[in-house]
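Close look at the chain arrangement
The residues making up each chain are set out below.
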Amino acid sequence: MSILEGKKLRTREIPMQVLNLGLSRTGTTSMKTALEELGLKNVYHLGYEDEDFAFWLAAIEAKYEGKGQPFGRKEWDHIFYNCDAVSDLPVVMFAEELITAYPEAKVILTIRSVDSWYDSMVATVCNPIYKTLYHRLPAWVDSQEQALCDMSDKCEKYTWQNDFPKYGKAYFHEHNNLVRKLVPKEILLEMEMKEGWKPLCAFLDKEVPEKEFPRGNGVQAFIDEANEHTRAKYLDLIKQYSIVAAPFLLPMIGVTIYHIGWNK
């Protein structure tokens, strides 16, 4: 049964203009900010507070496990109905499908050296700490958090085969080469963040802003956001389950504070 079955599907409100199909940790957050600075209204970039994890889990299972029908334009329009650009995981796992669904959109491939990308991924997305008990415990009683964990696990399985040190760099090259193969050169921009505004503005036919090109979501910012998300989840669970859960959850919060620091 499709996750959208029985639901009234949302329809597109604004045209899709840009598909940023660069991998996580290639400057996708900076690019999101830059695109919005240039006048795009809403760049889709999945975050902790979004409610789309179950949707993405269903999309991944349909594509990679044959569970249900693969998603097409109507499903993508439902999730991206008010977005004029998209970026980052798990979006980039559907590069071919989105290029087919939105042939009118220009494509950006954010890039960096494979070694610097690998190091950044190891320090953030693929850091083993995010698999440990004190980061995963809230998923036991929070369905939204469980969907996030399930989606994240599927992403790792169908990208670098659950072994980033062994297969991460190969996936980096495989993904980027796929995008290059699928997209005509005249509607594709490969760009490193250090290049700044000029190539992006020329590609999108926009004036160059006077302000500096945005820089965001560095390694420490990623870690801080992940830690804050974990702390907030524990506090939410204590509020929700009150006296029943407190004797169990308070020690776990203590462990969390010890490991990651309350004020970091």
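Predicted, not measured: the structure shown is a model, and the values here were computed from it.

Rules behind the numbers
- Residues numbered from 1 in each chain as written.
- Predicted model: local features only at pLDDT ≥ 70, side-chain atom pairs only at ≥ 80, totals over all residues.
- Heavy atoms only, no water.
- Phe/Tyr/Trp six-rings, centres within 6.5 Å; stacked < 30°, edge-to-face > 60°.
- Helix = DSSP H or I, 4+ residues; strand = E, 2+ residues; numbered from the N terminus.
- Buried < 20%, exposed > 50% of the residue type's maximum accessible area, 1.4 Å probe, protein only.
- Expected span 1.5 Å × (residues − 1).
- Contact = heavy atoms within 4.5 Å.
- Salt bridge = Lys/Arg side-chain N within 4 Å of Asp/Glu carboxyl O.
- Pairing = 2+ DSSP bridges.

1. Details of the packing of aromatic side chains
The final tally for this structure, using the stated rule, is 18 aromatic pairs. Considering the side-chain rings of tyrosine 44 and tryptophan 56, the 6.2 Å spacing of their centres and the 50° angle between planes classify their relative orientation as tilted. Note that tyrosine 44 is positioned in strand 2 (residues 43-44) and tryptophan 56 in helix 2 (residues 53-65), a separation of 12 residues in sequence. Judged by relative accessible area, tyrosine 44 falls into the buried class, the value being 7%. Taking 5.1 Å as the distance between ring centres and 85° as the angle between the ring planes, the aromatic pair formed by tryptophan 160 and phenylalanine 164 counts as edge-to-face.

2. Here we look at helix 2
In this model, helix 2 (13 residues) spans 17 Å end to end at C-alpha, consistent with the 18 Å of a helix rising 1.5 Å per residue. Those residues of helix 2 that sit buried are Phe53, Phe55, Trp56, Leu57, Ala58, Ala59, Ile60, Glu61 and Ala62. On its buried face, helix 2 is in contact with strand 2, helix 3 (73-79) and helix 7 (143-157). Once helix 2 finishes, glycine 66 follows within two positions and takes phi at roughly 70°, a positive value.

3. A short note on the pattern of salt bridges
This structure, assessed with the given rule, holds 11 salt bridges. In this structure, the salt-bridge partner of lysine 154 is glutamate 65, at a minimum N-O distance of 2.6 Å. Of this pair, lysine 154 sits in helix 7 while glutamate 65 sits in helix 2; the two residues are 89 residues apart in sequence, bridging distant segments of the chain. Of the charged contacts in the structure, one is a salt bridge between arginine 180 and glutamate 190, with a shortest N-O distance of 2.7 Å. Here glutamate 190 lies in strand 5 (residues 188-191) and arginine 180 lies in helix 8 (residues 164-182), a separation of 10 residues in the sequence. Owing to a relative accessible area of 34%, arginine 180 belongs among the partly exposed residues under this scheme. Judged by relative accessible area, glutamate 190 falls into the partly exposed class, the value being 31%. One salt-bridge network, in which partners are shared between bridges, spans Glu61, Glu65, Lys67 and Lys154.

4. Digging into the environment of lysine 8
As for its position among the elements, lysine 8 is in the segment before strand 1 (18-20). Here the alpha-carbon distance between lysine 8 and histidine 78, two residues 70 residues apart in the chain, equals 9.2 Å.

5. Focus: the sheet that holds strand 3 (residues 85-87)
Read from one edge to the other, the open sheet built from five strands follows the order 2-3-1-4-5, with strand pairing classed as parallel. Of all strands in the sheet, those bounded by a partner on one side alone are strand 2 and strand 5. Bridge analysis of strand 1 against strand 4 (residues 106-110) gives three bridges, and the strand direction is parallel. Note on strand 4: the bridge partner recorded for leucine 19 is valine 107.

Nothing here speaks to function; it is all geometry.
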